[in-house]
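The chain contents come next:
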Amino acid sequence: MELSKYFLVVAYSFAVWTLIAPRFGSPRFGELFLAYMTALLFSLQATSELILIKPVAFFFTVGGVFAFFFTVLRRTIHISVRHK
């Protein structure tokens, strides 16, 4: 399986999973993030069985994993710029 063949699928899924990620300003961020993480976990588990039959589904979930890490990093890393 070539990763370059499925690069667009990974990029599109990254965009989709990033759009459905919970927003930080939400008062229920913890609950929504748990639901987001659980949905991604179940998706990864389900598509791991299909990797030989339908690799597109698996690579869609791989993009979701990248979006999950992006969401976590965006939440934990704060960059502040000071002007003098």
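Residues numbered from 1 in each chain as written. Predicted model: local features only at pLDDT ≥ 70, side-chain atom pairs only at ≥ 80, totals over all residues. Heavy atoms only, no water.

Participant: Mind showing me how you'd approach the overall build of the protein chain here?
Facilitator: A count of helical and extended segments in the protein chain gives three helices and zero strands. Each helix (α) and strand (β) of the protein chain, taken in turn from the N terminus, gives the series α-α-α. At 15 Å, the protein chain has a C-alpha radius of gyration far larger than the 12 Å of a compact globule built from 84 residues. The C-alpha extent of the protein chain, read off along each of the three principal axes, is 55 × 30 × 15 Å. Within the protein chain, buried positions represent 27% of all 84 residues. When contacts within the protein chain are restricted to residue pairs at least 6 apart in sequence, those whose partners lie at least 24 apart make up 68%. Entry remark: accessible area of the protein chain is about 6,400 Å², with carbon and sulfur atoms responsible for 71%. (Helix = DSSP H or I, 4+ residues; strand = E, 2+ residues; numbered from the N terminus. Rg over C-alpha atoms; globule rule 2.2 N^0.38 Å. Buried < 20%, exposed > 50% of the residue type's maximum accessible area, 1.4 Å probe, protein only. Contact = heavy atoms within 4.5 Å. Areas by Shrake-Rupley, 256 points an atom, 1.4 Å probe, with all protein chains shown as cover.)

Participant: Sorry if this is basic, but what is going on with the packing of helix α1 (residues 7–19) against helix α3 (residues 55–76) here?
Facilitator: For any two helices packed against each other, one specifies the crossing angle of their axes together with the interaxial distance. The contact between α1 and α3 brings their axes to 7 Å, and the two run at 50°. The pairing of α1 with α3 is recorded here as oblique in orientation. In this structure, the crossing between α1 and α3 has a hand that is right-handed. Judged by residue contacts, Val-9, Val-10, Ser-13, Phe-14, Val-16, Trp-17 and Thr-18 of α1 engage Val-56, Phe-59, Phe-60, Gly-63, Gly-64, Phe-66, Ala-67 and Phe-70 from α3. (Axes fitted to C-alpha atoms, helices over the stretch in contact; angles between N-to-C directions. Parallel < 35°, antiparallel > 145°, perpendicular 65-115°, else oblique. Left-handed = near helix turned anticlockwise from the far one by under 90°.)

Participant: In this structure, what is going on with the pattern of salt bridges? I would like to understand it.
Facilitator: Charged atoms that come close allow side chains of opposite charge to pair. Tallying each qualifying case throughout the model produces one salt bridge. Residue Glu-31 pairs with Arg-28 through a salt bridge whose shortest N-O separation is 3.5 Å. Classification of Glu-31 by relative accessible area gives exposed; the value is 53%. (Salt bridge = Lys/Arg side-chain N within 4 Å of Asp/Glu carboxyl O.)

Participant: Honestly, the nonpolar core in this entry has me stumped. Any pointers?
Facilitator: Side chains of a nonpolar character, in soluble globular proteins, are inclined to be buried together. In this structure, Trp-17, Ala-21, Phe-29, Phe-33, Tyr-36, Leu-40, Ala-67 and Phe-68 together form the largest nonpolar core, which totals eight residues. Secondary structure elements with two or more residues in this core: α2 (29–49) and α3. Ranked by residues supplied to this core, first place goes to α2 with four residues. Non-local contacts of Phe-68, meaning those with residues more than four positions away in its chain, are made with Phe-33, Tyr-36, Met-37 and Leu-40. (Core = buried A, V, L, I, M, F, W, Y, C linked by side-chain atoms within 4.5 Å.)

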